[in-house]
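Listed here are the chains, written in short residue letters.
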Amino acid sequence: RCRWRCRALLSRPAGALRAHRGLAAGPEMHFGFQTVTEEERREKIYQVFESVAKKYDVMNDSMTLGIHRVWKDILMHKMNPSPGTLLLDVAGGTGDIAFRFINYVRSVRERQLQRKLRHHQNLSWQEIFESYQKDNLNSLGDSQVVVCDINREMLKVGKQKAQHLGYTEGLSWVLGNAEELPFDDDKFDVYTIAFGIRNVTRIDLALQEAYRVLKPGGRFLCLEFSHVSNPLLSRLYDLYSFQVIPVLGEVIAGDWKSYQYLVESIRRFPPQEELKAMIEDAGFFKVDYENLNFGIVAIHSGFKL
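Here we summarise the structure given alongside this text. The residue count restarts for each chain, going from 1 along the sequence in the order it is written. Two thresholds apply to this predicted model, a pLDDT of at least 70 for residue-level local features and 80 or more for giving and counting side-chain atom pairs, whereas whole-chain, interface and lining totals are computed over all residues. Excluding hydrogens and water, the side-chain figures rest on all heavy atoms present in the structure.

## Topic: helix α3 (residues 38-52)
Working step 1: Working definition: helices are DSSP H or I runs of at least four residues, strands are E runs of at least two. Numbering for both runs from the N terminus. To estimate how far a helix should reach, multiply one less than its number of residues by 1.5 Å. Here α3 contains 15 residues, and its C-alpha end-to-end distance of 22 Å stays within 8% of the 21 Å for a straight helix at 1.5 Å per residue.
Working step 2: Residues Glu38, Arg41, Ile45, Val48, Phe49 and Val52 constitute the buried set of α3. Viewed end-on, α3 has its buried residues packed into an arc of 85°, placing them on one side of the element. Think of it in three bands: residues with accessible area under 20% of the maximum for their type are buried, residues over 50% are exposed, and the middle band is partly exposed, with areas taken using a 1.4 Å probe on protein chains only. This arc is built from the directions going out from the helix axis to the C-beta atoms.

## Considering a negative patch on the surface
Working step 1: Taken together, Glu39, Glu40, Glu43 and Glu50 make up a surface patch of like negative charges.
Working step 2: Within the element layout of this structure, Glu40 appears in helix α3.
Working step 3: Using a relative accessible area of 40% as the deciding quantity, one classes Glu40 as partly exposed. The residues that make up patches have over 30% relative accessible area and no salt bridge, and they are joined within 9 Å when like-charged or within 5 Å when they are Val, Leu, Ile, Met, Phe, Trp or Tyr. Using a 1.4 Å probe, accessible areas were evaluated by the Shrake-Rupley method; residue-level cover was limited to the displayed protein chains. By salt bridge we mean one thing: a side-chain nitrogen of Lys or Arg within 4 Å of a carboxyl oxygen of Asp or Glu. Positive charges come from Lys and Arg, negative ones from Asp and Glu, while His and the chain ends are left out of the count. To locate a charge, the coordinates of NZ of Lys, CZ of Arg, CG of Asp or CD of Glu are taken.

## What to know about the nonpolar core
Working step 1: By size, the foremost hydrophobic cluster in this structure holds 34 residues, and its most contacted members are Trp71, Phe101, Val145, Leu171, Leu223, Phe225 and Val297.
Working step 2: Where this core is concerned, the elements lending two or more residues are α5 (67-79), α6 (96-118), β4 (144-149), α8 (152-165), β5 (171-175), β6 (188-194), β7 (214-225) and β9 (297-303).
Working step 3: With eight residues, α6 is the largest single contributor of residues to this core.
Working step 4: Grouping buried Ala, Val, Leu, Ile, Met, Phe, Trp, Tyr and Cys residues that are joined through side-chain atoms within 4.5 Å yields what is termed a nonpolar core. Listed in part, the 29 residues of the second largest apolar core include Leu88, Val200, Leu207 and Leu275.

## Thoughts on the pairing of β5
Working step 1: The pairing of β4 with β5 spans five bridges and is classified as parallel. Note that in β5 the partner of Val146 across the bridge is Ser172.
Working step 2: Seen with its strands pointing away from the viewer, a crossover is right-handed if its path from the first strand over the helix to the second goes clockwise. A crossover links β4 with its parallel partner β5, the connecting element being α8, and its sense is right-handed. For two strands to be treated as a pair, DSSP must find no fewer than two bridges joining them.

This is how it looks when you write it as structure tokens:
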């Protein structure tokens, strides 16, 4: 592990490295608007997601009026995975990205099969039927998605959803920390983290780990709440966030404090350009971002070359 860590450290500008190290390594950190130690922050965030796991999907729909589904669809279209892609979805406990990935790849496979059959007009009905049967046995074309989450309750909810929705093929669940992933170097084609990096204690370590586990040519994609560019919308968004979301948390999940933290954590999260610089510091190239809904959320993208 020292080999890649040392190489990554040496490749960064000294000033930027000192700034991030000073920011992350100090004894005090932010938990929402509170100041806590690093260990306290880890424990508090774990408790937040343990508390909200069962109502997590319902609250996402309520807080965003269902728009989080569109944001995740946009992320998947930006990824545009092909059959054979190996995806690692970090902090993806309830399976939203994993299920979309499976659906997307199956759709691509179906279109490929239809194109193939159209080019062979002289096939008999029996041959067409057998082609479809064979394709159904391997509808993902060797694609795999590994969902990795630090929280057992979130993984439990995700597994229950997968069973209920009939997702079994090409899907696995791993308990693991984004800051120290339990995977080999150069393993995955794509790394995604959707609404999770904000809750990582050491973002710099999580980004280094993302770089480590991706294959050369692999892609990093991060979907996260960000900073609104329009001043009027920003004021309205603040009003909604602080006055409505904690109330929804209390009414739907019986948990005001957890959703108060989630709102505060968005305000503490680095703005788009700062996160872009951190991703570049981790070694990624061609880093850019796309704002959605005036920057309420942003998708950051980078490549390991």
